[in-house]
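Coordinates in review
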Amino acid sequence: MVKKLTSKEAALALNAYLRKEPVIQEYQRYEAALKKHPELAKAEEELKAMQKQLIALKAKDQLDLSLEQDYARLKKQFYENPLVVNYMALKEEVNDLLVNVESLLNEGLNSTD
């Protein structure tokens, strides 16, 4: 007889399965590597802050060419970093995997079998 899992047990089993997936493991390695580079985290926060400033200015139909140039320069520098490039690619792959899992779960919930 097959033991019926509780919701928590099923979630833990799915979590354990996902943690064994090579793309998840690689993503976690890059995530850990990024944490060893606080300058990248700082640059990302600066980009977010600059982006908010630019959006606020555009909402008021104002421009700040200096801010736009600084944002473009920092964004280019940040997204050309090999660590960031690989991290972002893996993040997208992990997201695709999770969307697929969610879709399969929803299909299972919606099936009439």
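Scope of this entry: the structure provided in the associated data block. (Residues numbered from 1 in each chain as written. Predicted model: local features only at pLDDT ≥ 70, side-chain atom pairs only at ≥ 80, totals over all residues. Heavy atoms only, no water.)

**What to know about the nonpolar core**
Here is the rule we go by: By nonpolar core we mean a set of buried residues, namely Ala, Val, Leu, Ile, Met, Phe, Trp, Tyr and Cys, connected to one another through side-chain atoms within 4.5 Å. Buried residues are those whose accessible area, probed at 1.4 Å on protein chains only, stays under 20% of the maximum for their type, while exposed residues exceed 50% and partly exposed ones sit between those limits. Secondary structure elements are defined from DSSP: runs of H or I of at least 4 residues count as helices, runs of E of at least 2 residues count as strands, and each element is numbered from the N terminus. Note on contacts: a residue pair is in contact if any heavy atoms of the two residues lie within 4.5 Å.
Formed by 23 residues in total, the largest nonpolar core has its most connected members in V23, L34, L40, F78 and L97. Listed by contribution, the elements that provide at least two residues to this core are α2 (22–35), α3 (38–59), α4 (65–79) and α5 (82–110). Of the residues forming this core, the biggest block, seven residues, is contributed by α5. Leave out the neighbours within four places in its chain, and L34 touches L40, L83, V84 and Y87.

**Details of the pattern of salt bridges**
Two side chains of opposite charge can pair, provided their charged atoms sit close to one another. Our working rule: Put simply, a salt bridge is a Lys or Arg side-chain nitrogen that is within 4 Å of an Asp or Glu carboxyl oxygen.
Applying the stated criterion across every chain, the model contains four salt bridges. Close ionic contact of E26 with R29 constitutes a salt bridge, the shortest N to O distance being 2.5 Å. Of the two residues, E26 and R29 are both situated in helix α2; the distance of three residues between them amounts to about one turn of the helix. Judged by relative accessible area, E26 falls into the partly exposed class, the value being 28%. The partner of K76 in a salt bridge is E80, and the shortest N-O contact between them spans 2.9 Å.

**Some words on the packing of α3 against α4**
Cut-off, in case you're wondering: Only the stretch in contact is used when fitting a helix axis, every axis being a line fitted to C-alpha atoms; angles between N-to-C directions are given from 0 to 180 degrees. Crossing handedness: left-handed means the near helix sits turned counterclockwise from the far one by under a right angle, and right-handed means the same turn made clockwise. When residue character is reported, Ala, Val, Leu, Ile, Met, Phe, Trp, Tyr, Cys and Pro are called nonpolar, Asp, Glu, Lys and Arg charged, and the others, Gly included, polar.
Taken N-terminus to C-terminus, the directions of α3 and α4 make an angle of 145 degrees; their axes are 10 Å apart at the nearest point. You can see that α3 and α4 cross each other, and the crossing is left-handed. Taken together, the residues of α4 that come into contact with α3 (itself represented by L40, A43, E44, E46, L47, M50, Q51, Q53, L54, L57 and K58) are L67, E68, D70, Y71, L74, K75, F78 and Y79. Among the residues forming the contact of α3 with α4, the class breakdown is eleven nonpolar, two polar and six charged.

**A few points about α5**
Quick reminder of the rule: Each residue after the first adds 1.5 Å to the expected span of a helix. Pairing of N or O atoms within 3.5 Å defines a polar contact, subject to two protein rules: one partner must be a possible hydrogen donor and the other a possible acceptor, and residues neighboring in sequence count only if both atoms are side-chain atoms.
For α5, built from 29 residues, the straight-helix expectation of 42 Å at 1.5 Å per residue is met to within 8% by its first-to-last C-alpha distance of 42 Å. Within α5, burial applies to L83, V84, Y87, L90, V94, L97 and V101. N-cap assignment for α5: the residue whose side-chain oxygen lies 2.8 Å from the backbone N of L83 is N81.

**Remarks on the environment of L65**
Along the chain, L65 falls in helix α4. Since its relative accessible area comes to 56%, L65 is described here as exposed. Remark: the alpha-carbon pair of L65 and T6, spanning 59 residues in sequence, is separated by 57 Å.

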